[in-house]
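This is what each chain is made of:
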Amino acid sequence: DNGAPVANATVTIVHTPSGTRSVTRSGADGVFDARGLRVGGPYTITASAPGFEAETISGVNLAQADTLRLNIDMI
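Predicted model only: the values in this text are computed from it and were never measured.

The rules behind each value
- Residues numbered from 1 in each chain as written.
- Predicted model: local features only at pLDDT ≥ 70, side-chain atom pairs only at ≥ 80, totals over all residues.
- Heavy atoms only, no water.
- 1 Å grid on protein atoms, 1.4 Å probe; cavity = no way out; pocket = protein on both sides within 12 Å on 5 of 7 lines; lining within 4 Å.
- Points joined across faces, edges and corners; volume = space filled by probe spheres on them.
- Helix = DSSP H or I, 4+ residues; strand = E, 2+ residues; numbered from the N terminus.
- Nonpolar A, V, L, I, M, F, W, Y, C, P; charged D, E, K, R; others polar.
- Buried < 20%, exposed > 50% of the residue type's maximum accessible area, 1.4 Å probe, protein only.
- Contact = heavy atoms within 4.5 Å.
- Polar contact = N/O pair within 3.5 Å; in protein donor to acceptor, adjacent residues only side chain to side chain.
- pLDDT = per-residue confidence, 0-100.
- Pairing = 2+ DSSP bridges.

### Focus: the layout of surface pockets
Right, so step 1: Within this model, the largest pocket holds a volume of roughly 1100 Å³.
Right, so step 2: Lining the largest pocket are 39 residues, with V31, F32, L68, R69 and L70 positioned closest to its centre.
Right, so step 3: Of all the elements in the fold, those that place two or more residues in the lining of the largest pocket are β1 (10-15) and β3 (40-48).
Right, so step 4: Residue contributions to the lining of the largest pocket peak at 3 residues, all from β3.
Right, so step 5: Of the residues in the lining of the largest pocket, the class split is 23 nonpolar, 8 polar and 8 charged.

In structure tokens, the structure reads:
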């Protein structure tokens, strides 16, 4: 609500074509890291935490050796 980072949010990353799933958590700074994902996509990414509505972003594509910055606003 105040723009503060959400610590310990569960982030689920699903490679849509294969159903492969990766789960990670955000740190105290609200940042999450997922490695070893397939190049391409699309991916569906869902963030959830107690006291917040789950937020989902679909159609995310990944490039090889690239870092994707993804802002997820939770309310």
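### Points about the environment of T46
Right, so step 1: Looking at the element boundaries, T46 is found in strand β3.
Right, so step 2: Note on T46: relative accessible area 24%, which makes it partly exposed.
Right, so step 3: Apart from residues no more than four positions distant in its own chain, T46 is found in contact with T10, V11, T12, A54, E55 and T56.
Right, so step 4: A polar side-chain atom of T46 sits 3.1 Å from a polar atom in the side chain of T56.

### Focus on the confidence of the model for the protein chain
Right, so step 1: Across the protein chain, the average pLDDT comes to 93, with 99% of residues at 70 or higher.
Right, so step 2: β1 holds the highest mean pLDDT among the elements of the protein chain, 98, whereas strand β4 (residues 55-62) holds the lowest, 96.

### A few points about the pairing of β3
Right, so step 1: With 6 bridges joining them, β1 and β3 adopt antiparallel strand pairing. Each bridged residue has a counterpart across the sheet, and for V14 the counterpart in β3 is T44.
Right, so step 2: Sheet analysis places β3 next to β4, joined by 5 bridges and oriented antiparallel. Note that in β4 the partner of A47 across the bridge is E55.
Right, so step 3: Turn length for the β3-β4 hairpin, with the two strands adjacent in sequence and antiparallel, is 6 residues, and the turn residue G51 shows positive phi of about 90 degrees.

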